[in-house]
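Each chain is listed here by its residues.
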Amino acid sequence: MDLKSKIVQQNLPQHIAIIMDGNGRWAKQSGQPRLFGHSNGVRAVREVTEASAELGIKYLTLYAFSTENWNRPEMEVMGLMSLLVDTVGKELDTLLKNNVRLRSIGDLSKLPNSTKDALERAILKTKDNTGLTLILALNYSSRWEILDAVNKISKDIRNGFLPGDINESVFSNYLSTVGIPDPELLIRTSGELRISNFLLWQLAYTELYFTDTFWPDFSRQHFYEAIDSYQSRERRFGKTSEQLETS
Ligand code: FPP
């Protein structure tokens, strides 16, 4: 069965977020170092990005490096940082050709200069693209993001810029995802059943999809399977099925 042709365009998620997990275990299976898993993970990044652009998905957020990932062995951290520089550099033309806009969430200021510069350059060069927005979560954690928002709000209140009550919409404007709709679908690979400090505010009503596939093995077909599962679900947002039928 061709899963792509099963996907209903009218019920496509606008925003898909992915926790790319299992690179290390994938490498270990064949006796290779962890970085070999990360390098092979880039193929899957390319595949889901292409598939998203083709389907007409508007936003794709990839959890590429969390604030906790700094605790990994230095060689792995440095390897990941140069893999990012390399990948962003190599893929920039393809992003431009395919009208993909690159964005990031997370505290980029703590990244090595070469990584930060490569990213900022690609973000600037692609800023006017109008197709898929590819968002890399880098040095990101949701608790950092929420605290950062609270601190900015408190500063604006002290300076008299924020006179009214704080509602959901005001709060969302202080998050790093400002202007981006909440994801309708979250995918996590490698069989782990956790959110791991990712988009905690934004995932309030998101459909969750977990697969045992390790990230480097994650293909277009796996991606279509996740979207197909999403399309089979009833999203009630607290209402009953009967209410949805009559609306
Ligand atoms: C999690 O697997 C993966 C990461 C922390 C890094 C993801 C990075 C990439 C796929 C490469 C570059 C990305 C871009 C966007 C160009 P893990 O190492 O935690 O795997 P494990 O749980 O099996 O140890």
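Look up a bit, the structure's there.
Residues numbered from 1 in each chain as written. Predicted model: local features only at pLDDT ≥ 70, side-chain atom pairs only at ≥ 80, totals over all residues. Heavy atoms only, no water.

Caption draft 1: Structural view of the packing of helix 4 (residues 74-97) against helix 5 (residues 113-125). Where helix 4 contacts helix 5, the two axes come as close as 9 Å, and the packing angle between them is 15°. Between helix 4 and helix 5, the angle is such that the two are roughly parallel. For the element pair helix 4 and helix 5, the recorded crossing hand is left-handed. Residues Met81, Leu84, Val85, Val88, Leu92 and Leu96 of helix 4 form the contact with helix 5, whose own contacting residues are Ser114, Thr115, Ala118, Leu119, Arg121, Ala122 and Lys125. Along the lines of polarity and charge, the residues of the contact of helix 4 with helix 5 split into 9 nonpolar, 2 polar and 2 charged. (Axes fitted to C-alpha atoms, helices over the stretch in contact; angles between N-to-C directions. Helix = DSSP H or I, 4+ residues; strand = E, 2+ residues; numbered from the N terminus. Parallel < 35°, antiparallel > 145°, perpendicular 65-115°, else oblique. Left-handed = near helix turned anticlockwise from the far one by under 90°. Contact = heavy atoms within 4.5 Å. Nonpolar A, V, L, I, M, F, W, Y, C, P; charged D, E, K, R; others polar.)

Caption draft 2: Looking closely at the sheet that holds strand 4 (residues 133-140). Strand order across the open sheet formed by 6 strands is 3-4-2-1-5-6, with parallel pairing between neighbours. The open sheet has two edge strands with one neighbour each: strand 3 (101-105) and strand 6 (207-210). Between one strand axis and the next, the sheet turns by 20° as a mean value, whatever way the strands run. For strand 3 and strand 4, the ladder comprises 5 bridges, and the chain directions are parallel. Residue pairing across strands places arginine 103 opposite isoleucine 135, the latter belonging to strand 4. (Pairing = 2+ DSSP bridges.)

Caption draft 3: Looking closely at the packing of aromatic side chains. Tallying each qualifying case throughout the model produces 8 aromatic pairs. Here the aromatic rings of tyrosine 63 and tyrosine 140 are separated by 6.0 Å at their centres, their planes lie at 80°, and the arrangement is edge-to-face. You can see tyrosine 63 sitting in strand 2 (residues 59-66) and its partner tyrosine 140 sitting in strand 4, a full 77 residues away along the chain. An identical accessibility class is assigned to tyrosine 63 and tyrosine 140; each is buried. Judged by centre distance (4.8 Å) and plane angle (70°), the rings of phenylalanine 65 and tryptophan 70 are edge-to-face. By relative accessible area, phenylalanine 65 is classed as buried at 1%. With relative accessibility at 30%, the residue tryptophan 70 sits in the partly exposed group. Of the aromatic side chains, those joined through ring pairs into one cluster are Tyr63, Tyr140 and Phe198. (Phe/Tyr/Trp six-rings, centres within 6.5 Å; stacked < 30°, edge-to-face > 60°. Buried < 20%, exposed > 50% of the residue type's maximum accessible area, 1.4 Å probe, protein only.)

Caption draft 4: Highlighting helix 8 (residues 220-231). Look at helix 8: 16 Å from first C-alpha to last across 12 residues, which is about the 16 Å you get at 1.5 Å a residue. Among the residues making up helix 8, those that are buried are Arg220, Phe223, Tyr224, Ala226, Ile227, Ser229, Tyr230 and Gln231. Elements that come into contact with the buried residues of helix 8 comprise helix 1 (3-6), strand 1 (15-19), helix 3 (34-55), strand 5 (185-188) and strand 6. (Expected span 1.5 Å × (residues − 1).)

Caption draft 5: Fine view of the site of the ligand. Near the ligand lie 18 residues; those nearest to it are Asp21, Gly24, Arg25, Arg34 and Arg72. One of the backbone nitrogen or oxygen atoms of glycine 24 is found 3.0 Å away from an oxygen atom of the ligand. Between the ligand and arginine 34 there is a distance of 2.8 Å, counted from an oxygen atom to a side-chain nitrogen or oxygen. A total of 630 Å² of accessible area belongs to the ligand in isolation, and the protein chains cover 92% of it. The set of elements that each furnish at least two residues to the shell around the ligand consists of helix 2 (23-29), helix 3 and helix 4. (Near = heavy atom within 4 Å. Polar contact = N/O pair within 3.5 Å; in protein donor to acceptor, adjacent residues only side chain to side chain. Areas by Shrake-Rupley, 256 points an atom, 1.4 Å probe, with all protein chains shown as cover.)

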